[in-house]
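# Structural overview
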Amino acid sequence: NCINNGDITMTFPAITAASDYLGGVVGNTSMADASSVAVENCINNGDLTFTVKGASKNVYLGGISGACNSKGVINNCINNGAVVYNFIAGGSGAYPNVGGIVGYCADTLLSVEDCVNGSATDATKGVVTVGTAPSGVGLGGILGLAEKATTVSGCINYGTVTQTGKGGKNDTYRPHLGGIVGINSVGYITITDCKNYGTVCY
């Protein structure tokens, strides 16, 4: 039952940490025993902008949660803010995972339920954008990248999902874009009763 109305901007000359997280409500949920972790009935109205001006590591960026490295649920949440990742300078790096609701889910038995990204009446809300990336991109209206037994159900995306720059170093890394989920990387995920109304483009 939390609301964030503030814009959040993070700018780095370079990233040396293994991972960096940015979310409108939660940066990351990461606990050894977290089956009861729940982010419920939360709203993000702020724009999120993550900019890297040099070499980059893994970046997880989501309108509600940057990443979910624990079991649990993200339920009945709404993101109205733009979610933007920019990679400006040269250099190598791991790929960013960017989602309107969650950037990255990495554990089994995590579910994203009945969440909405963007607005049916305002196309400026919930826009998910990546510029040039250091490597391949996982970019989704609801979830950027899912691993293991993640469940996405009853979610709606209205926001535009777009990569405006090249796919990565030497232009060899392909982007992975989806109206609901960008990438299913390891294991399996279940997507049920979801709808995408947003434009998906590269």
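Scroll up to find the structure.
Now for a look at the structure at hand. As the structure is a computational prediction, the values presented were derived from the model and not from experiment. (Residues numbered from 1 in each chain as written. Predicted model: local features only at pLDDT ≥ 70, side-chain atom pairs only at ≥ 80, totals over all residues. Heavy atoms only, no water.)

Turning to the sheet that holds strand 7 (residues 48-52), a few remarks are in order. On the basis of which strands lie adjacent, the open sheet formed by six strands has the order 2-7-12-17-22-27 and parallel pairing. With partners counted over all chains shown, the strands left at the sheet margins are strand 2 (8-12) and strand 27 (200-201), one partner each. Pairing of strand 12 (residues 83-87) with strand 17 (residues 128-130) involves three bridges; the strand directions are parallel. Across the sheet, residue Val 83 finds its bridge partner in strand 17, namely Val 128. (Pairing = 2+ DSSP bridges. Helix = DSSP H or I, 4+ residues; strand = E, 2+ residues; numbered from the N terminus.)

With that out of the way, let us pick up the pairing of strand 12. Two faces make up the sheet, and in a regular strand the side chains alternate between them. Counting buried positions along strand 12 gives four out of five residues, so the element sits mostly inside the fold. Looking at chain direction, strand 7 and strand 12 are connected through five bridges and run parallel. Paired with Thr 49 across the strands is Val 84, a residue of strand 12. (Buried < 20%, exposed > 50% of the residue type's maximum accessible area, 1.4 Å probe, protein only.)

With that settled, consider the sheet that holds strand 1 (residues 3-4). Judged by pairing direction, the sheet is parallel, and its six strands sit side by side in the order 1-6-11-16-21-26 without closing on themselves. In this open sheet, the two strands that pair with only one neighbour each are strand 1 and strand 26 (195-196). As defined by bridge partners, strand 11 (residues 78-79) adjoins strand 16 (residues 116-117) across two bridges and the pair is classed as parallel. Bridge pairing links Asn 79 to Asn 117 in strand 16.

Within this structure, the stated rule accounts for five aromatic pairs. Where Phe 50 meets Tyr 85, the ring centres are 6.2 Å apart and the plane angle is 20 degrees; that geometry is what we call stacked. Within this pair, whereas Phe 50 is found in strand 7, its partner Tyr 85 is found in strand 12, the two being separated by 35 residues in sequence. Exposure class is identical for Phe 50 and Tyr 85. Each is buried. On the basis of an interplanar angle of 10 degrees and a centroid distance of 5.3 Å, the ring pair of Tyr 158 and Tyr 197 is categorised as stacked. Highlighted residues: Tyr 158 in the loop between strand 21 (156-157) and strand 22 (161-163) and Tyr 197 in the loop between strand 26 and strand 27, separated in sequence by 39 residues. Using a relative accessible area of 51% as the deciding quantity, one classes Tyr 197 as exposed. Aromatic ring contacts, followed pair by pair, group Phe 12, Phe 50 and Tyr 85 into a single cluster. (Phe/Tyr/Trp six-rings, centres within 6.5 Å; stacked < 30°, edge-to-face > 60°.)

Our next topic: the nonpolar core. The biggest cluster of nonpolar side chains holds 21 residues, and the ones touching the most others in it are Ile 74, Ile 101, Val 102, Val 112, Ile 142 and Leu 143. Mapped onto this core, the elements with two or more residues apiece are strand 14 (102-105), strand 15 (110-113) and strand 19 (143-147). Of all hydrophobic cores here, the second largest spans 17 residues; its members include Leu 22, Val 59, Val 130 and Val 161. (Core = buried A, V, L, I, M, F, W, Y, C linked by side-chain atoms within 4.5 Å.)

This part covers the pairing of strand 9 (residues 65-68). The sheet contact formed by strand 4 (residues 26-29) and strand 9 spans three bridges and is parallel. Across the sheet, residue Asn 28 finds its bridge partner in strand 9, namely Ala 67. Relative to strand 14, strand 9 is paired through three bridges, and the arrangement is parallel. Its bridge partner lying in strand 14, Ser 65 is registered against Val 102.

Its place among the elements puts Asn 75 in strand 10 (residues 72-75). By relative accessible area, which is 17% here, Asn 75 ends up buried. Excluding residues that lie within four positions of it along the chain, Asn 75 makes contacts with Val 39, Glu 40, Asn 41, Glu 113, Asp 114 and Cys 115. (Contact = heavy atoms within 4.5 Å.)

Its place among the elements puts Thr 29 in strand 4. We classify Thr 29 as buried; its relative accessible area is 11%.

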